[in-house]
Amino acid sequence: MKQISVIATGWTVASLAVSVAIAGCGSDKSTTPSSSAKSSSSSSAPASSAAPNSTSGTAQPSDYSNLLIKPTDIVVPGDSFKLMQTVPVPNGISGLFMNQAGARSIDDTIYVYPDANAAAQARDQAIKAITDPDLGVRGGAATPVDVGVGGTMAIGTTIKAEGTQAKGSIMFSEGRTFVDIEFQSPSGDPVPADFVVDVARKQDAAIKAGLPG
């Protein structure tokens, strides 16, 4: 109980810090670093169903590990995150980040397609299920956000074996990539929308800087 209380405070502080940073930067997104994450244990069906066919890509999954954000991109006062694992997916990469207590996770998956149109089609297909009560975010509304192309976010909960947990999901495309990032934490530690957007923008910037031609 005590641990959850401390974590909840940290999320709140993180949200306030991000809000101040965004207000200071105005609408200049070009200088905003990028970040994202998606856990293998909480991988969403929308992302899986939107994954590119293994024969449609132009490079091996391992080629894309440089596109993931770094743990230091995830800024939460009084807490820190570690990259627990990277998992190659068909024509892409997935990275799982967890905090010190193992109570919060960020599951970041990047799929790389042959072109931007294919990435946009995968994004649109996955977004249809972002608020699916069984596969996506329960109790949340799909909300457009200014991240990448077609950015869409939902904040709510999910049902796990251990009970209800807080969940946030954000999806967008950038060039020939489709990105699906999921945030998960205890039910008493809701995921702040500003924090989700901040991490997604950092991931967007990392893709712009590191995507091979």
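Our subject in this report is the structure included herewith. Source: prediction; values computed, not measured. (Residues numbered from 1 in each chain as written. Predicted model: local features only at pLDDT ≥ 70, side-chain atom pairs only at ≥ 80, totals over all residues. Heavy atoms only, no water.)

1. Quick look at the overall build of the chain
The line we're drawing: Helix and strand assignments follow DSSP, with helices taken as H or I runs no shorter than four residues and strands as E runs no shorter than two, numbered in order from the N terminus. Should any heavy atoms of two residues lie within 4.5 Å, those residues are considered in contact.
Per the secondary structure count, the chain includes four helices and seven strands. Listed N to C, the secondary structure of the chain is α-α-β-β-β-α-β-β-β-β-α in terms of helices and strands. Long-range contacts, defined here as pairs at least 24 residues apart, represent 63% of the contacts in the chain between residues at least 6 apart.

2. A look at the pairing of strand β6 (residues 163-174)
Selection criterion: Here the term buried applies to any residue with accessible area under 20% of the maximum for its type, exposed to any over 50%, and partly exposed to those in between, with areas from a 1.4 Å probe on protein chains only. When DSSP finds two or more bridges between two strands, those strands count as paired.
Judged by how many residues are buried, β6 sits mostly within the fold: 10 of 12 residues are covered. Here 10 bridges tie strand β5 (residues 149-160) to β6, and the two strands are oriented antiparallel to one another. Within β6, the position partnered with Met153 by the bridge is Ile170. Here β5 hands over to β6 after two residues, the two strands then running antiparallel side by side. In this structure, β6 lies alongside strand β7 (residues 177-186), joined through 10 bridges in antiparallel fashion. Bridge pairing links Ser173 to Phe178 in β7.

3. A few points about the environment of Gln85
As for its position among the elements, Gln85 is in strand β1 (residues 81-89). By relative accessible area, which is 31% here, Gln85 ends up partly exposed.

4. With respect to the nonpolar core
The tendency in soluble globular proteins is for nonpolar side chains to be buried as a group. Cut-off, in case you're wondering: Take the buried residues of types Ala, Val, Leu, Ile, Met, Phe, Trp, Tyr and Cys, join any two whose side-chain atoms come within 4.5 Å, and each joined set is a nonpolar core.
Among the nonpolar cores identified, the biggest contains 28 residues, and Ile106, Ile110, Ile170, Ile181 and Phe183 are the most heavily contacted of them. When contributions to this core are tallied by element, the ones reaching two or more residues are β2 (92-99), β3 (105-112), β6, β7 and α4 (193-210). Looking at this core element by element, the count peaks at six residues for α4. Residues contacting Phe183, with those up to four places away along its chain left out, are Ser105, Ile106, Ala166, Lys167, Gly168, Ile170, Val191, Phe195, Val196 and Val199. Counting 12 residues, the second-largest nonpolar core is a separate cluster that includes Tyr111, Ala126, Ala154 and Phe178.

5. Digging into the pattern of salt bridges
The following threshold applies: Each salt bridge in this description consists of a side-chain nitrogen of Lys or Arg and a carboxyl oxygen of Asp or Glu lying within 4 Å of one another.
Following the criterion strictly, the structure yields six salt bridges and no others. Put simply, Lys167 and Glu182 hold a salt bridge, and the shortest N to O gap is 3.8 Å. Taken together, the residues span a long stretch of sequence, with Lys167 in strand β6 and Glu182 in strand β7 at a distance of 15 residues. Neither residue differs from the other here; Lys167 and Glu182 are each classed as buried. Notably, a salt bridge pairs Lys202 with Asp198, separated by 3.2 Å at the nearest N-O pair. A residue pair is termed a helical-turn pair when its members lie 3 or 4 positions apart in one helix, as Lys202 and Asp198 do in helix α4 at four residues. Here the two residues Lys202 and Asp198 agree in accessibility, since each one is buried. Among the charged side chains, a salt-bridge network with shared partners connects Asp79, Arg104 and Asp189.

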